[in-house]
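One letter stands for each residue in the lines below.
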Amino acid sequence: MLFKNKEKSTYKADSSGEKPIRSVAKALSWRVVGTLDTLAVSFVLAKDIKIAASIASIDFITKLILYFFHERVWNAIKWGK
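Given the structure is predicted, the values throughout are model-derived calculations rather than measurements.

A.B. asks: Please explain the side chain of Glu71 as it appears in this structure.
C.D. replies: Examined against the element boundaries, Glu71 turns out to sit in helix α3 (residues 49-76). Take Glu71: its relative accessible area is 15%, and that puts it in the buried class. With sequence-adjacent residues up to four places away left out, Glu71 is seen in contact with Glu18, Ser23 and Lys26.

A.B. asks: Looking at this structure, how should I read the pattern of salt bridges?
C.D. replies: It is possible for side chains bearing opposite charge to pair when their charged atoms get close. For the structure on display, the rule yields three salt bridges. A salt bridge links Arg31 to Asp59; its shortest N-O distance comes to 2.7 Å. Pair noted here: Arg31 is in helix α2 (residues 20-46) and Asp59 is in helix α3, with a separation of 28 residues, a long-range link. When sorted by exposure, Arg31 lands in the same class as Asp59, which is buried. What you see here is one network of salt bridges that share partners, running through Arg31, Asp59 and Lys63.

A.B. asks: Would you mind showing me how to read the packing of α2 against α3 here?
C.D. replies: Packed helices, taken two at a time, are described by the angle between their axes plus the distance between the axes. Where α2 contacts α3, the axes come no closer than 7 Å and their chain directions differ by 150°. Classified by the interaxial angle, the pair formed by α2 and α3 is roughly antiparallel. Our pair here, α2 against α3, has a crossing hand that is right-handed. Within the contact of α2 with α3, the residues separate by chemical class into 19 nonpolar, five polar and six charged.

A.B. asks: What should I look at first to understand the packing of aromatic side chains in this one?
C.D. replies: Within this structure, the stated rule accounts for two aromatic pairs. Relative to Phe69, the ring of Phe68 has its centre 5.3 Å away and its plane inclined at 80°; by these criteria the two rings are edge-to-face. Here Trp74 and Trp79 contribute two aromatic rings whose centre-to-centre distance is 6.3 Å and whose plane-to-plane angle is 50°, an arrangement assigned as tilted. Of the residues examined, Trp79 reaches a relative accessible area of 69% and is grouped as exposed.

A.B. asks: So what exactly am I meant to see when it comes to α3 here?
C.D. replies: Along an α-helix, a turn takes 3.6 residues, which lines up residues three or four apart on a common side. The end-to-end C-alpha separation of α3 is 40 Å, in line with the 40 Å expected for 28 residues at 1.5 Å each. For α3, the set of buried residues is Ala52, Ala56, Asp59, Leu64, Glu71 and Asn75. Of the surrounding elements, those touching the buried residues of α3 are α2. Structurally, the start of α3 carries an N-cap: the backbone nitrogen of Lys50 is 2.9 Å from a side-chain oxygen of Asp48.

Cut-off values and rules
Sequence order as written defines the numbering, with residues in each chain counted from 1. Totals for whole chains, interfaces and linings use all residues, but because this is a predicted model, local features are given only for residues with pLDDT of at least 70 and pairs of side-chain atoms are given and counted only at 80 or more. As a rule here, side-chain values cover all heavy atoms of the structure and leave hydrogens and water aside. Segments assigned H or I by DSSP are reported as helices when at least four residues long, segments assigned E as strands when at least two residues long, and all are numbered from the N terminus. Categorising residues by exposure relies on relative accessible area from a 1.4 Å probe, with only protein chains included: less than 20% of the type maximum marks a residue as buried, more than 50% marks it as exposed, and the intermediate range marks it as partly exposed. Contacts are assigned to residue pairs with any non-hydrogen atoms lying within 4.5 Å of each other. Here a salt bridge means any side-chain nitrogen of Lys or Arg lying within 4 Å of a carboxyl oxygen belonging to Asp or Glu. Angular values range over 0 to 180 degrees, each being the angle between N-to-C directions of two axes fitted as lines to C-alpha atoms, with helices fitted over their stretch in contact. Angle categories: roughly parallel below 35 degrees, roughly antiparallel above 145, roughly perpendicular from 65 to 115, and oblique for all the rest. Note: crossing handedness is left-handed where the near helix turns anticlockwise from the far helix by less than a right angle, and right-handed where it turns clockwise. In this classification, the charged set is Asp, Glu, Lys and Arg, the nonpolar set is Ala, Val, Leu, Ile, Met, Phe, Trp, Tyr, Cys and Pro, and all remaining amino acids, among them Gly, are polar. Only centres within 6.5 Å qualify two rings of Phe, Tyr or Trp (six-membered ring in Trp) as a pair; their planes then separate them into stacked at under 30 degrees, edge-to-face at over 60, and tilted for everything else. Every helix has an expected span of 1.5 Å times one less than the residues it contains. Polar contacts here mean pairs of N or O atoms no more than 3.5 Å apart (in protein, one a potential hydrogen donor and the other a potential acceptor; neighbouring residues in sequence count only if both atoms are side-chain atoms).

Distances and angles like these do not, on their own, reveal function.
The structure is reproduced here in structure tokens:
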């Protein structure tokens, strides 16, 4: 069986959530992907790399902050854990 050696987790371990540093790491990695997408779309639309980079930079900062707080709120919600 594929998952034969996998240990079963307990409800208590699963329900404890994740630490804020993990939320930060997830937010950063996701924002890198999202910012590259924003940079590409902005460049296609604006045909100017400086404008595209400005849009992508602002997008990176604002969405990084929003994603962090979004993750923390969802971590506090017990539904589905």
